[in-house]
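Structure at a glance
Chain residues, written in single-letter form:
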Amino acid sequence: MDEDKIAREMERRRQLADRNTGAVVELLRRREELRGIYPAADLVAENVGWVV
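In this report, we go over the structure that sits alongside the text. Since the model is a prediction, treat every value here as computed from it, not as a measurement. (Residues numbered from 1 in each chain as written. Predicted model: local features only at pLDDT ≥ 70, side-chain atom pairs only at ≥ 80, totals over all residues. Heavy atoms only, no water.)

**Quick look at the overall build of the chain**
When you go through the chain residue by residue, the secondary structure sums to 2 helices and 0 strands. In the chain, which comprises 52 residues, the proportion classed as buried is 8%. Carbon and sulfur atoms form 58% of the exposed surface of the chain, whose accessible area is close to 4600 Å². (Helix = DSSP H or I, 4+ residues; strand = E, 2+ residues; numbered from the N terminus. Buried < 20%, exposed > 50% of the residue type's maximum accessible area, 1.4 Å probe, protein only. Areas by Shrake-Rupley, 256 points an atom, 1.4 Å probe, with all protein chains shown as cover.)

**Some points on the environment of Ala41**
Along the chain, Ala41 turns up in helix α2 (residues 39-51). Through-space distance from the C-alpha of Ala41 to that of Thr21 is 8.8 Å; in sequence the pair is 20 residues apart.

**Here's the deal with the pattern of salt bridges**
Following the criterion strictly, the structure yields 4 salt bridges and no others. As a salt-bridge pair, Glu9 and Arg13 come within 2.9 Å of each other at their nearest N and O atoms. Residue Glu9 and its partner Arg13 are located together in helix α1 (residues 3-30), separated by 4 residues, close to a single helical turn. Arg13 sits in the exposed class, given a relative accessible area of 55%. Residue Arg31 is joined to Glu33 by a salt bridge in which the shortest nitrogen-to-oxygen separation is 2.5 Å. Since its relative accessible area comes to 37%, Arg31 is described here as partly exposed. Shared partners join several salt bridges into a network, and the residues in it are Glu9, Arg12 and Arg13. (Salt bridge = Lys/Arg side-chain N within 4 Å of Asp/Glu carboxyl O.)

Right under this line is the structure:
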């Protein structure tokens, strides 16, 4: 497999992961009633909050 293709795919996946994490944090910020429903989402939102 081409090294450039691998690098592009890895970058694309990193961007998607960042976007998904940001979407979870934004959703939980807007909709407080969703907290506690899915513990993994709460954990992501809390950890990202500390980093930012």
